[in-house]
Amino acid sequence: MQNLELNKDIETELFPALKSPFWKRQFQSQATKAQRKFDWLFGVFLPVICFVFDPIVFKGNAWGTAVLASYKPFAYLLSFVSIMAMAAWLIWGARLKWLNGFLAGLFLIGGLISLGIGVVLIPFSLLGLIILVGILGFTPLFASFVFLRNSFRAVQSSKTILEESTLIYSVAFGAIFGFVVPWAINVEIIKSLENIQNGDAQIVREEAEKLKYVKPLVNFDNLALIYHRSSIDDRKTDKMKTVADVYNQLTGENIEKKSRVLMD
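Summary of the structure given here. From a predicted model like this one, the values you see are computed outputs, not experimental measurements.

Scoring rules and cut-offs
- Residues numbered from 1 in each chain as written.
- Predicted model: local features only at pLDDT ≥ 70, side-chain atom pairs only at ≥ 80, totals over all residues.
- Heavy atoms only, no water.
- Helix = DSSP H or I, 4+ residues; strand = E, 2+ residues; numbered from the N terminus.
- Buried < 20%, exposed > 50% of the residue type's maximum accessible area, 1.4 Å probe, protein only.
- Contact = heavy atoms within 4.5 Å.
- Areas by Shrake-Rupley, 256 points an atom, 1.4 Å probe, with all protein chains shown as cover.
- Salt bridge = Lys/Arg side-chain N within 4 Å of Asp/Glu carboxyl O.
- Core = buried A, V, L, I, M, F, W, Y, C linked by side-chain atoms within 4.5 Å.
- Axes fitted to C-alpha atoms, helices over the stretch in contact; angles between N-to-C directions.
- Left-handed = near helix turned anticlockwise from the far one by under 90°.

Attention shifts here to the overall build of the chain. Counting secondary structure elements, the chain contains eleven helices and zero strands. Ordered by position in the sequence, the α and β elements of the chain form the string α-α-α-α-α-α-α-α-α-α-α. Across the 264 residues of the chain, 43% fall into the buried class. Contacts in the chain between residues far apart in sequence, at least 24 positions, make up 69% of those at least 6 positions apart. Total accessible area computed for the chain in this model is approximately 15400 Å², and 65% of it derives from carbon and sulfur atoms.

This is the structure we're talking about:
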């Protein structure tokens, strides 16, 4: 009898497809080697590549302004934390113990946001398939699946350590933290850019001093658009000269060239 049970366990491990349907396997407590490879690829490596080589989503370029430029701080912060957390989870898993409840909430919000971004990008991704690069546009959809699946697994791992009520609070805290902190920073950055648009030269300098500490998170296309929409006479004012100078300091680009590119 014991031999039969042992053979059954070995068979299940070696041939999981024979024992459970596809979707049930995707959300089983233990990941297969193939699933772990998939999670590393679409939960860690490809998202990083997409952010580095992003042509239109959060960073504007020769094709014009970014699709989701206003949400760049939020997306970058949430993605950075989520990707690092995913890497830690894939490496250590259950050894993270009580922390897995928090990670489950973080993965949950990361997966939902990634799903939303993926849906928004579907038209652009389909068009991009013509030049093959657009296939990367589907990465958020795959990443959302990875994060949601591992959110479930992190919850399962935590059940043996945390009481049910504590686990619920941990998951909720992870989700709230993952959304609120990046969103609050996003709001403050947007407010600084609006102050630059509506303020004088002194306010421009003050807000630029704040933004220089978070410049990797900021899409400065808005400053180029402000400059582009100003008249030739306005560009001679102290404010617009300051805007141009600040833009050059923060991005290393010439604001006149950038404004022409964005409006072509």
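So much for the structure itself; the text now carries on.
Here we come to the environment of Ala66. Tracing the chain through its elements places Ala66 in the loop between helix 3 (33–52) and helix 4 (72–92). Overall, Ala66 belongs to the buried group, its relative accessible area being 10%. For the pair Ala66 and Ile56, spaced ten residues apart in sequence, the C-alpha to C-alpha distance is 4.6 Å.

Let us look at the pattern of salt bridges. Taken as a whole and judged by the stated rule, the model has four salt bridges. Note that Arg149 is salt-bridged to Asp39, the shortest N-O span being 2.5 Å. In this pair, Arg149 is assigned in helix 6 (residues 139–158) and Asp39 in helix 3, connecting sequence segments 110 residues apart. The residues Arg149 and Asp39 share a single accessibility class, namely buried. A salt bridge links Glu188 to Lys191, with the shortest nitrogen-to-oxygen separation between them at 3.6 Å. Pair noted here: Glu188 and Lys191 are both in helix 7 (residues 164–198), with a separation of three residues, about one helical turn. Among the residues examined, Glu188 registers a relative accessible area of 45% and is labelled partly exposed. Since its relative accessible area comes to 40%, Lys191 is described here as partly exposed.

Moving on, we get to the nonpolar core. The biggest cluster of nonpolar side chains holds 28 residues, and the ones touching the most others in it are Phe58, Leu211, Phe220, Leu223, Val243 and Ile255. At the level of secondary structure, the elements contributing two or more residues to this core comprise helix 4, helix 5 (99–128), helix 7, helix 8 (201–211), helix 9 (221–229) and helix 10 (238–251). In terms of residues, this core owes the most to one element, helix 10, which gives six residues. Counting residues in each nonpolar core, the second largest holds 27 residues, with Val44, Phe74, Ala85 and Ala154 among its members.

With that settled, the discussion passes to the packing of helix 9 against helix 10. Where helix 9 meets helix 10, the closest approach of the two axes is 10 Å, and the angle between their N-to-C directions is 150°. Helix 9 and helix 10 meet at a crossing whose hand is left-handed. Across the interface between the two elements, Leu223, Ala224, Ile226 and Tyr227 from helix 9 touch Met240, Val243, Ala244 and Tyr247 from helix 10.

Before going further, it helps to spend a moment on the environment of Phe42. With respect to the helices, strands and loops of the structure, Phe42 is situated in helix 3. Phe42 gets classed as buried once you look at its relative accessible area, which sits at 14%. For Phe42, the residues in contact, after removing those within four places along its chain, are Pro47, Phe142, Ala143 and Val146.

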